[in-house]
Amino acid sequence: MSKDVLGKIIALLLAMQLFLIGLQAKGQIDQGNSSIEALIWMTQQYISVLVKIRSLQEKREETDSQK
């Protein structure tokens, strides 16, 4: 499997994870949590996804620079 295809699959999975975080936040609001609580929770979840993305970018840059 080429790196380009693998990168696109990873990007799709991360996008799906962000979408699911949004759905979970909506569920929290529907269960009675305040919008602010849900927003804080979403922000915390998004930060972890962004950290994963940055880590993957750094690995990719490191791999590309070794060529």
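In what follows, the structure referred to is the one given above.
Report follows, based on the coordinates. Quick caveat, the model's predicted, so the values are computed rather than measured. (Residues numbered from 1 in each chain as written. Predicted model: local features only at pLDDT ≥ 70, side-chain atom pairs only at ≥ 80, totals over all residues. Heavy atoms only, no water.)

## Thoughts on the nonpolar core
Then, number 1: Among the nonpolar cores identified, the biggest contains 6 residues, and these are Leu 14, Ile 21, Ala 25, Ala 38, Met 42 and Val 49.
Then, number 2: Elements represented by at least two residues in this core include exactly α1 (3-30) and α2 (35-65).
Then, number 3: For Ala 38, the residues in contact, after removing those within four places along its chain, are Ala 25, Gln 28 and Ile 29. (Core = buried A, V, L, I, M, F, W, Y, C linked by side-chain atoms within 4.5 Å. Buried < 20%, exposed > 50% of the residue type's maximum accessible area, 1.4 Å probe, protein only. Helix = DSSP H or I, 4+ residues; strand = E, 2+ residues; numbered from the N terminus. Contact = heavy atoms within 4.5 Å.)

## A short note on the layout of surface pockets
Then, number 1: Roughly 380 Å³ of volume is contained in the largest pocket.
Then, number 2: Around the largest pocket, the lining is made up of 13 residues, and of these Gly 7, Ile 10, Leu 56, Gln 57 and Arg 60 lie nearest the centre.
Then, number 3: Counting only elements with at least two residues in the lining of the largest pocket, the list comes to α1 and α2.
Then, number 4: Looking at which element gives the most residues to the lining of the largest pocket, the answer is α2, with 7 residues. (1 Å grid on protein atoms, 1.4 Å probe; cavity = no way out; pocket = protein on both sides within 12 Å on 5 of 7 lines; lining within 4 Å. Points joined across faces, edges and corners; volume = space filled by probe spheres on them.)

## Things to note about the packing of α1 against α2
Then, number 1: Between α1 and α2, whose axes approach to 8 Å, the crossing angle comes to 170°. The angle between α1 and α2 falls in the class roughly antiparallel. Judged by residue contacts, Lys 3, Asp 4, Ile 10, Leu 14, Gln 17, Leu 18, Ile 21, Gly 22, Gln 24, Ala 25, Gln 28 and Ile 29 of α1 engage Ser 35, Ala 38, Trp 41, Met 42, Gln 45, Tyr 46, Val 49, Lys 52, Ile 53, Leu 56, Arg 60 and Thr 63 from α2.
Then, number 2: Counted by class, the contact of α1 with α2 contains 13 nonpolar, 7 polar and 4 charged residues. (Axes fitted to C-alpha atoms, helices over the stretch in contact; angles between N-to-C directions. Parallel < 35°, antiparallel > 145°, perpendicular 65-115°, else oblique. Nonpolar A, V, L, I, M, F, W, Y, C, P; charged D, E, K, R; others polar.)

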